[in-house]
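Here are the chains, one letter per residue:
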Amino acid sequence: MRVFFFLLLLSCNAFSSEWADLVENDEYKIVQKISLPVLGSNATIVELTPGDKFKLREIYALSMGVVAYSFVAKKCPGRSVRTEMEIIPVQQTNPVIEIGVQLEKECELNIFIEGQDTWTPSIFEE
């Protein structure tokens, strides 16, 4: 019986955290691949791949019920690289939840999500 509960706890930690569970100054790994087009370039793409690490710098509310999550990328594609904002679906959400993702200068990854969706699975795990 103890083995069953241990395996249950272990499997719960293997899934992504909910957005509301993310804590400022903690480090997380991304769990899905994201491709972001670089501003001013027709061909250059920044790839965020599963396992890439990010430190959550700040969570703040924006107007119209949007919550912003500001991360610092540990693997930086370049301090001056900026990308377009892309709307992407969060994998394994039903109904599908979409988020806005954008990389800014100084390796700042900004994610925008509707406030009502903060209790859904995120694209990060501990």
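As shown above, the structure is provided for reference.
Sequence order as written defines residue numbering, which begins from 1 separately in each chain. The predicted origin of the model limits local features to residues at a pLDDT of at least 70 and limits the giving and counting of side-chain atom pairs to 80 or more, whereas totals for whole chains, interfaces and linings rest on all residues. Hydrogens and water are ignored here; the side-chain numbers use all heavy atoms of the structure.

(A) Fine view of the sheet that holds strand β9 (residues 124-125). Pairs of strands are assigned from DSSP output, requiring at least two bridges between the strands. Helix and strand definitions here come from DSSP, where helices need a minimum of 4 consecutive H or I residues and strands a minimum of 2 consecutive E residues; each element is numbered from the N-terminal end. The antiparallel open sheet is built from seven strands, whose spatial order is β6-β7-β8-β5-β4-β1-β9. Looking along the sheet, the strands with just one partner apiece sit at the ends: β6 (86-89) and β9. Relative to strand β5 (residues 66-73), strand β4 (residues 53-61) runs antiparallel, the two sharing seven bridges. Within β5, the residue paired with Tyr60 across the bridge is Ala68.

(B) Geometry of the side chain of Ser17. Following the sequence through the fold, Ser17 ends up in the loop between α1 (2-13) and β1 (27-30). We call a residue buried when its accessible area falls under 20% of the maximum for its residue type, exposed when it is over 50%, and partly exposed in between, using a 1.4 Å probe and counting protein chains only. Residue class for Ser17 comes out buried when judged on its relative accessible area of 12%. The contact definition used throughout considers only heavy atoms, calling two residues in contact when any of these lie within 4.5 Å. With residues near it in sequence (within four places) discarded, Ser17 still touches Leu22, Thr120, Pro121, Ser122, Phe124, Glu125 and Glu126.

(C) Up close: the state of the cysteines. We call a pair of cysteine sulfur atoms a disulfide whenever their separation is within 2.5 Å. Overall, the coordinates contain one disulfide when judged by the stated rule. Two residues, Cys76 and Cys107, share a disulfide whose sulfurs are 1.5 Å apart. Residues Cys76 and Cys107 share a disulfide whose torsion about the S-S bond is about -60 degrees; that sign makes it left-handed. With Cys76 in the loop between β5 and β6 and Cys107 in the loop between β7 (98-104) and β8 (108-114), the pair connects residues that are 31 residues apart, well separated along the chain. Residue class for Cys76 comes out partly exposed when judged on its relative accessible area of 31%. We classify Cys107 as buried; its relative accessible area is 1%.

(D) Inspection of the side chain of Ser70 at higher detail. Tracing the chain through its elements places Ser70 in strand β5. By the criterion applied in these results, polar contacts are pairs of N or O atoms within 3.5 Å in which, for protein atoms, one can donate a hydrogen and the other can accept it, and in which residues neighboring in sequence qualify only through two side-chain atoms. Of note is the side chain of Ser70, whose polar atom sits 3.4 Å from the side chain of Asn110.

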